[in-house]
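Topology and contacts: notes
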Amino acid sequence: MPETLIQTSPRLPEDAIFNAVIDAGDSFVHEIRKGQFVRIVDLEGNQAVDTLFYNAHNYADRYSAQDTIREQSNIYLTTGTKLISTERNVLLTIVADTCGRHDTLGGACSTESNMVRYAIEKRSMHACRQSFLKGALTWSAKTGHELDKRDLTANINFFMNVPVTPSGGLTFADGVSDAGKYVELRAEMDTLIVISNCPQLNNPCNAYNPTPVRVLIWNGTQEFDV
Amino acid sequence: MCRRKTTRLSSSTLWEENLPGSATWSHVLKRGTALRITAIEDNSNVGAIFLNADNFSERLNLPDTLKAQHIARLTTGSVLYSDMARILCSITDDTLGWHDPLGGCSDAALVTKKYGDSTYQQARNHWHQNALDGFLIELAKYGLGLRDLMMNVNFFSKVEVHEDGSMHFIPNHSKAGDAIELRAEMNTLVILNSCQHPMDPSPKYAQKPVTLTLKQVEAPGPDDVCRNFRPENARGFTLTERYFL
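What you are looking at is a predicted structure, and each value in this text was computed from that prediction instead of being measured.

Rules used in this analysis
- Residues numbered from 1 in each chain as written.
- Chains lettered and ligands numbered in written order.
- Predicted model: local features only at pLDDT ≥ 70, side-chain atom pairs only at ≥ 80, totals over all residues.
- Helix = DSSP H or I, 4+ residues; strand = E, 2+ residues; numbered from the N terminus.
- Rg over C-alpha atoms; globule rule 2.2 N^0.38 Å.
- Buried ≥ 20, exposed ≤ 12 C-beta atoms within 10 Å, placed from the backbone.
- Core = buried A, V, L, I, M, F, W, Y, C linked by C-beta atoms within 7 Å.
- Contact = placed C-beta atoms within 7 Å.
- Pairing = 2+ DSSP bridges.
- Axes fitted to C-alpha atoms, helices over the stretch in contact; angles between N-to-C directions.
- pLDDT = per-residue confidence, 0-100.

**A closer look at the overall build of chain B**
- The helix and strand inventory of chain B stands at five helices and twelve strands.
- For 245 residues, the compact-globule formula gives about 18 Å, and the C-alpha radius of gyration of chain B, at 17 Å, lands near that figure.
- Each principal axis of the C-alpha distribution contributes one length, and for chain B these read about 55 × 45 × 35 Å.
- Looking at chain B residue by residue over its 245 residues, the buried ones come to 50%.

Printed below as a string of structure tokens:
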């Protein structure tokens, strides 16, 4: 495996303006203002954090996996990656990453796809797209901004390792993350973040053990210095 | 001038038409019919998105498609999964071995940067068009928009991924006469766009036409190549068949 780039952040947890733990199986929806930094911490290791981003002022303009990977000519997301939207805006930039590699091709698990991937009897097991829908519908009801199934597009899986081979294979490999590893992004626009902390119990990549993650947000007092 | 290939019309052919280069096309492909796309020139590209025509909120989900089948390329045996774990279309025949699910589609800024501006007023049918606008215009004809856009496939193109994750467009991949056949397992709104692949390094704006052949085909049997491609696909076919019960 090629060397991964490890970049730490100078920001301290005690200076954060927001600090919350998201349990596995929960969703999290929050606005991040331009210039703010958001960090996701893999508290216990190899947890998949399924994440979507939207332009906070126009949810139709949202994270685009294909535009993001094509722009950087690389399928893995890490420090320096610009998250590109469907309208080709830069939503956020990854400014720190102690894991080194994040996936955006594996998508989010759903009760439906679990039937195909594992067994038809797995239908009622909790899945990310249940959380995404709950989060989107709750946010819509609270704010009056429409957000629903049409908006659940290809997501990022922070801390997940989904290698593609030169012969065109794709696998879910053992995680490259570990307890305490984190990824940090700077918002280049006002953005909406929607997270499903993955509840998957069928995939060995999280050792069949979904675990909590922490989200921290800082104001951009040290704006653009990293 | 393009070299025209003559395609033999089989008894099952419903109709055939040519799609010019840089053009967008759509059709509700009925369950039990198939669409064969045949390249007329070398180095063609056909971008494609797929929606359930009976419920547009259900649409192609490429991450589900790739991870269910453990693939980062599309060829004979592969199927296109919707977000509801049903099979919209399956690839029953392919002369090429690799169609790209990763590269996405071109936009106006990319086309202008690569090929320069060329308006319709100046260039008429040779004006510079891009795939994103083509998809959005065609989606709008069905009351759909940017929120309904999804990751697209690029037929006839190949993007290889190296061990370090780097993406490499492979030039000279497809030849005139190469073809792919998509069998509809559901009533599927198919939207095609024949603009160049966004990673195509050629500095020349090229309009490559393809032939579209619509066919009546038999339902997939127990020995079907797509059903037996992987155990996941057998379950995908079961779920799709249940949708029509």
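**Quick notes on the nonpolar core**
- With 126 residues, the main nonpolar core has A:Phe53, B:Ala48 and B:Phe50 as its most contacted residues.
- The residues contacting A:Phe53, other than those within four sequence positions of it, are A:Arg62, A:Tyr63, A:Leu83, A:Leu91, A:Leu92, A:Thr191, A:Leu192 and A:Ile193.

**Notes on the interface of chain B and chain A**
- Residue-level contacts link 43 residues of chain B with 34 residues of chain A.
- Those elements giving two or more residues to the side of chain B that touches chain A turn out to be helix 1 (62–69), strand 8 (159–161) and helix 5 (231–243) of chain B.

**Comments concerning the environment of B:Gly47**
Residue and element names in this part refer to chain B.
- Along the chain, Gly47 falls in strand 4 (residues 46–52).
- Look at Gly47 and you get buried, because 28 C-beta atoms sit within 10 Å.
- Along the sequence, Gly47 and Gly32 sit 15 residues apart, while their C-alpha atoms lie 23 Å from each other.
- Not counting residues within four places of it along the chain, the set of residues in contact with Gly47 comprises Cys105, Ala131, Asn152, Asn154, Leu192, Asn193 and Cys195.

**Remarks on unusual backbone geometry**
All names here are of chain A.
- Phi at Ser73 is positive, roughly 50°, even though this residue is not glycine.
- Summarising the element assignment, Ser73 is placed in the loop between helix 1 (65–72) and strand 6 (82–84).
- If you check the backbone angles, Phe159 has positive phi at about 75° while not being a glycine.

**A closer look at the environment of A:Cys109**
Residue and element names in this part refer to chain A.
- Relative to the helices and strands, Cys109 is located in the loop between strand 7 (90–97) and helix 2 (111–117).
- The buried category is assigned to Cys109, around which 30 C-beta atoms lie within 10 Å.
- As a C-alpha pair, Cys109 and Lys82 span 27 residues in sequence and 24 Å in three-dimensional space.
- Sequence-distant contacts of Cys109, defined by excluding residues within four places in its chain, comprise Asn114, Ala127, Cys128, Cys198 and Gln200.

**Focus on the sheet that holds strand 1 (residues 18–22) of chain A**
Residues and elements named next belong to chain A.
- Reading across from one edge, 1-11-3-9-7-6 is the order of the six strands in this open sheet, with antiparallel pairing throughout. Since the sheet does not close on itself, it has two edges, and those belong to strand 1 and strand 6, each with one partner. Neighbour to neighbour, the strand axes of the sheet diverge by 20° on average, direction disregarded.
- Where strand 7 lies against strand 9 (residues 181–187), five bridges are found, and the strand directions are antiparallel. Counterpart to Asp97 in the pairing with strand 9 is Val183.

**A word on the pairing of strand 11 (residues 188–193) of chain B**
Residue and element names in this part refer to chain B.
- The buried count for strand 11 comes to six of six residues, which makes it a mostly enclosed element.
- Covered by surrounding structure in strand 11 are Thr188, Val190 and Leu192 together with Leu189, Ile191 and Asn193, the residues of both alternating faces.
- Where strand 4 meets strand 11, six bridges bridge the pair, whose relative direction is antiparallel. Directly across from Ile49, in strand 11, lies its bridge partner Ile191.

**Quick look at the sheet that holds strand 1 (residues 13–19) of chain B**
Residues and elements named next belong to chain B.
- Spatial ordering of the open sheet is given by 1-12-3-10-6-5, a layout of six strands whose pairing is antiparallel. The outermost strands of the open sheet, each flanked by one partner alone, are strand 1 and strand 5 (79–81). Each strand axis lies, on average, 20° off the axis of its neighbour in the sheet, ignoring direction.
- Looking at chain direction, strand 6 (residues 87–94) and strand 10 (residues 179–184) are connected through five bridges and run antiparallel. In the sheet register, Ile91 faces strand 10, and the bridge partner there is Leu182.

**Here we look at the pairing of strand 3 (residues 33–39) of chain B**
Residues and elements named next belong to chain B.
- With six of seven residues buried, strand 3 lies mostly within the body of the structure.
- Bridge analysis of strand 3 against strand 12 (residues 210–216) gives seven bridges, and the strand direction is antiparallel. In the sheet register, Ile37 faces strand 12, and the bridge partner there is Leu212.
- Sheet topology note: the strand 3/strand 10 ladder contains five bridges and is antiparallel. Within the sheet, the bridge partner assigned to Arg36 lies in strand 10 and is Glu181.

**Description of the confidence of the model for chain B**
Residues and elements named next belong to chain B.
- With 96% of its residues at a pLDDT of 70 or more, chain B has an overall mean of 95.
- Segment residues 1–6 is flagged for pLDDT under 50; beyond a separation of four residues in sequence, or across chains, it makes ten contacts in the model.
- Across the predicted assembly, pTM comes out at 0.95 and ipTM at 0.95.

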